[in-house]
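Observations on the model geometry
Residues per chain are reported as follows:
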Amino acid sequence: MDKKIKIKAKHVDFFYGKSQALKNINMDIFDCDVTAIIGPSGCGKSTFIRLLNRMHELVPHTNVTGEVLLDGQNIFCCSMDAVEVRKRVGMVFQKPNPFPKSIFDNISYGLKVNGIKDKYFIEEKVERSLRKAALWEEVKDRLYDSALRLSGGQQQRLCIARTLAVESETILFDEPCASLDPISTAKIEELILELKKDYTIVIVTHNMQQAARVSDYTAFFLMGELIEFGKTQEIFTAPKDSKTEAYITGRFG
């Protein structure tokens, strides 16, 4: 059976001012799979995933050409609202960024901004989101404590729960474990594997072992170009391009 394509990039070029950061990217991201994006620093990985929910529009003097289709609709089309796109395609950043509010308010904030006022619905949604993010048992007795008092790994799972609360369909992870210890990293990886049952996941990582552990597909970027894309096992055991092989075997990067 053919896999459903959740996001399709077609002939995507991206510029910071006159500097071209992405060159003719064509790539499919499949529904309810984990896609890892690997490559050396400055190759365009983070730039690419920020296009997928129009985060690039928050950076001045940028320009994108081509199409990014979300369930077949071009997200750059004037009829697509950027806020709606970011609701459907959530992002978790390299450094945990909880709001300086309580744990409860961090999760409920997006619901309230979207006009939801039903107290019981919000409470149920907060609990469900924290459970999905494997955090509920750790925080259920201190929901009104500051989120800033959580550990780094807990803060990152809180940010994931915050994304889940607004019913994102796709979650973008930009180096989500870069600032975490090995135990917290393992928890995030376990969570990603659990979440892919219901969500489409894209993860940027410098960690080859992490990409091999959690992803179904891997894309190798180099100097703004997509060099190779395929099933993770094939990319890591039998890459078709010599540049891919050189990178994953540690000869550069």
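This text follows the structure it describes.
Predicted model only: the values in this text are computed from it and were never measured.

What follows is about the side chain of His56. Within the secondary structure layout, His56 lies in the loop between helix 1 (45-51) and strand 4 (62-70). By relative accessible area, His56 is classed as buried at 7%.

This part covers the pairing of strand 3 (residues 34-38). Moving residue by residue along a regular strand, the side chains alternate between the two faces of the sheet. For strand 3, the buried fraction is high: five of the five residues fall into the buried class. Here strand 3 shows a buried face lined by Val34, Ala36 and Ile38 and a second buried face lined by Thr35 and Ile37. In this structure, strand 3 lies alongside strand 8 (residues 200-204), joined through four bridges in parallel fashion. What sits directly across from Ile37, in strand 8, is Val204. Where strand 3 meets strand 9 (residues 217-222), four bridges bridge the pair, whose relative direction is parallel. Each bridged residue has a counterpart across the sheet, and for Ile37 the counterpart in strand 9 is Ala219.

What follows covers the packing of helix 6 (residues 152-165) against helix 7 (residues 182-195). The description of two packed helices rests on the angle between their axes and on the distance between the axes. Packing of helix 6 against helix 7 leaves a shortest axis separation of 9 Å and a crossing angle of 20 degrees. Relative to helix 7, the element helix 6 lies roughly parallel. Judged by the twist between their axes, the crossing of helix 6 over helix 7 is right-handed. Contacts between helix 6 and helix 7 involve Gly153, Gln156, Arg157, Ile160 and Leu164 from the former and Ser184, Lys187, Ile188, Leu191 and Leu195 from the latter.

The antiparallel open sheet is built from four strands, whose spatial order is 2-1-4-5. Both edges of this open sheet fall to strand 2 (19-30) and strand 5 (73-74), since each of them pairs with a single strand only. Bridge count for strand 4 against strand 5 is two bridges, and the pairing is antiparallel. Note on strand 5: the bridge partner recorded for Leu69 is Asn74.

Parameters at a glance
In every chain, residue numbers begin from 1 and rise along the written sequence. Only residues with pLDDT of 70 or above have their local features reported here, since the model is predicted, and side-chain atom pairs are shown and tallied only from 80 upward, although totals for entire chains, interfaces and linings are computed over all residues. Computation of side-chain values: all heavy atoms of the structure, hydrogens and water removed. The secondary structure listing takes helices from DSSP runs of H or I that are at least 4 residues long and strands from runs of E that are at least 2 residues long, numbered from the N terminus. Residue exposure (1.4 Å probe, protein chains only): buried if accessible area is under 20% of the type maximum, exposed if over 50%, otherwise partly exposed. The rule for pairing is simple: two strands pair if DSSP sees at least two bridges between them. Here an axis means a line fitted to C-alpha atoms, over the contact stretch when the element is a helix, while the angle between two N-to-C directions is reported on a 0 to 180 degree scale. Orientation is classified from the angle alone, with under 35 degrees giving roughly parallel, over 145 giving roughly antiparallel, 65 to 115 giving roughly perpendicular, and any other angle giving oblique. In this scheme the handedness of a crossing depends on how the near helix is turned from the far one: anticlockwise by less than a right angle means left-handed, clockwise means right-handed. We call two residues contacting when some pair of their heavy atoms lies within 4.5 Å.

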